[in-house]
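Inside the fold
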Amino acid sequence: MKDIYTLGIETSCDETAASIVLNGRKILSNVISTQIDIHKLYGGVVPEIASRKHVEFVLPVINEAIIEAGITKNEIDVIGVTYGPGLVGALIVGLSVAKAMAYTLQKPLVGVHHIEGHISANFLQYPDLQPPFICLVASGGHSNIVQVKDYGQYEVIGRTRDDAAGEAFDKISRALGLGYPGGPAIDKASKSGNNEAFNFPRVRFKGSLDFSFSGLKTSVLNYLNNSVAKGEVINVPDVCASFQKAVVDILVENTIKAVEASDYKKIALAGGVASNSYLKKCMKEAADKAHVEFFCPDPILCTDNAAMIGCAAYYQYLKGTISELNLNANPRLAINER
Ligand code: KG4
Ligand code: ZN
């Protein structure tokens, strides 16, 4: 079969990213221009600034990805782009460029769901991995347990009813003065903390694999506010480690329940929170105990990147799912909506 080069483009939040992926599985380039240092000044992503920065960076990032891959733009076979969910102004930037390139180069355009991209990062990390498997997708905007039935075939069987796991990390980090993004800061601070110092609440829904993190967040914030009011010293590593354990316990518990209720023998992680060292350790241990295989992409493939979008686009292209050039950004796109 002829080699297929896919250009992936990702601009749904605060990274401008482009990548060339060969035959869906091999990364030839993976260029990421992050805006984290800019948004850090405001304690979180400012949508208007994100859009403007994407406009500034998107073309140089795409050019760099093509050059680094050692191909020319005429050799691109498929153009994959995130068209939702995400920040609408940010999505439109990548989508407009992708449509313009598809039109001028006369190549097929494939709109990719951002979460489908995150799940696909596992196919890049593990070239032999095949569906079906259970995937826990935990990022700044999502916490989902997904049955990956086949390439491009998903069923969400658990979701957060309020905050996403990454969002909880970001909010607690902010309250502790550890900055944005919160996940890596809390992960690091937790290493020297006692994760049993505080018994923060874990929410379980009977007969459901759903999550809820807002009660946990409120409980940590109440503890911090009360301590400040009483003039008590806050042990930051202990708070971080106990909070992190509360999040991880539930993520692991529900994912194991999901795999045990299925015939699947594999668990994969995806999304920014999947780069959390404690989550990886606990999920691996739980998977071993349940006799299921465990997969987790390297941190660079867990957080937003375009290689994952290129991979997802390749499998949609193989199935003949091509988007029209009037494709619009959809900030609240559902995973099976096409
Ligand atoms: O997937 P991602 O890059 O963007 C979204 O699609 O949201 O995820 C970003 C989220 C942020 O909330 C960040 O705090 C979290 O992932 N994150 C982590 C870690 N690294 C990033 N959370 C926990 N532990 C980490 N090591
Ligand atoms: Zn993401």
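Residues numbered from 1 in each chain as written. Chains lettered and ligands numbered in written order. Predicted model: local features only at pLDDT ≥ 70, side-chain atom pairs only at ≥ 80, totals over all residues. Heavy atoms only, no water.

Moving on, we get to the layout of surface pockets. The computed volume of the largest pocket comes to approximately 1,100 Å³. In terms of lining, the largest pocket is formed by 39 residues, of which the most central are Cys13, Gly140, Gly141, Asp170 and Tyr180. Within the residue set of the lining of the largest pocket, elements represented by two or more residues are helix 1 (36-40), helix 4 (114-125), helix 5 (165-175) and helix 6 (182-190). When residues in the lining of the largest pocket are grouped by element, the largest group, six residues, is from helix 5. (1 Å grid on protein atoms, 1.4 Å probe; cavity = no way out; pocket = protein on both sides within 12 Å on 5 of 7 lines; lining within 4 Å. Points joined across faces, edges and corners; volume = space filled by probe spheres on them. Helix = DSSP H or I, 4+ residues; strand = E, 2+ residues; numbered from the N terminus.)

Helix packing geometry: the angle between the two helix axes and the distance between the axes. Between helix 2 (residues 47-69) and helix 3 (residues 88-105), the least distance of the axes is 9 Å, while the angle of their chain directions is 40°. It follows that helix 2 is oblique to helix 3 by the angle criterion. Between helix 2 and helix 3 lies a crossing whose hand is right-handed. Of the residues in helix 3, those in contact with Ser51, His54, Val55, Val58, Leu59, Ile62 and Ile66 of helix 2 are Gly89, Ala90, Val93, Val97 and Met101. (Axes fitted to C-alpha atoms, helices over the stretch in contact; angles between N-to-C directions. Parallel < 35°, antiparallel > 145°, perpendicular 65-115°, else oblique. Left-handed = near helix turned anticlockwise from the far one by under 90°. Contact = heavy atoms within 4.5 Å.)

Okay, the coordination of the zinc ion (ligand 2) next. Every protein donor of the zinc ion (ligand 2) is listed here as His114 (NE2), His118 (NE2) and Asp304 (OD), and their distances to the metal cover 2.0 to 2.1 Å. Around the zinc ion (ligand 2) sit four donor atoms; with metal-centred angles ranging over 95 to 134°, the donor geometry is tetrahedral. Written as a sequence motif, the donor arrangement for the zinc ion (ligand 2) is H-x3-H-x185-D. Of the two residues, histidine 118 sits in helix 4 while aspartate 304 sits in the loop between helix 10 (299-302) and helix 11 (307-318), which places them 186 residues apart along the sequence. For the residue pair histidine 118 and aspartate 304, the accessibility class agrees, reading buried in each case. (Donors = N, O, S within 2.8 Å, 3.2 Å for Na, K, Ca; no water. Tetrahedral: all angles 85-135°; square planar, octahedral: opposite > 155°, others 65-115°. Buried < 20%, exposed > 50% of the residue type's maximum accessible area, 1.4 Å probe, protein only.)

Our next topic: the domain arrangement of the chain. What the domain assignment reports for the chain is domain 1 (5-122 + 301-318) and domain 2 (131-297). Its C-alpha centre places domain 1 at a distance of 27 Å from the equivalent point of domain 2. Carbon and sulfur atoms make up 70% of the surface buried where domain 1 meets domain 2, a total of about 1,700 Å² over both sides. Summed over the three residues of domain 1 that lose the most area to domain 2, namely Ile119, Asn122 and Cys302, the buried surface amounts to 37% of that side. Taken together, domain 1 and domain 2 are joined by zero salt bridges. Linking domain 1 with domain 2 are five residue pairs in polar contact (both at pLDDT 80 or more), by the criterion used here. Elements represented by at least two residues in the side of domain 1 that touches domain 2 include exactly helix 1, helix 4, helix 10 and helix 11. (Domains from an automatic or database assignment. Buried area = accessible area lost by both parts, 1.4 Å probe. Salt bridge = Lys/Arg side-chain N within 4 Å of Asp/Glu carboxyl O. Polar contact = N/O pair within 3.5 Å; in protein donor to acceptor, adjacent residues only side chain to side chain.)

Sheet topology places strand 7 (residues 143-150) next to strand 8 (residues 153-159); six bridges connect them, and they run antiparallel. Pairing of valine 148 across the sheet is with tyrosine 154, part of strand 8. Hairpin connection between strand 7 and strand 8: a loop of two residues separates the two successive antiparallel strands, and glycine 152 in this loop has a positive phi of roughly 70°. (Pairing = 2+ DSSP bridges.)

The end-to-end C-alpha distance of helix 3, which contains 18 residues, comes to 25 Å, matching closely the 26 Å that a straight helix rising 1.5 Å per residue would cover. Along helix 3, the positions that sit buried rather than exposed are Ala90, Leu91, Val93, Gly94, Leu95, Val97, Ala98, Met101, Ala102 and Leu105. Residues of helix 3 that are buried in the fold lie against strand 1 (5-10), helix 2, strand 4 (78-84) and strand 5 (109-113). (Expected span 1.5 Å × (residues − 1).)

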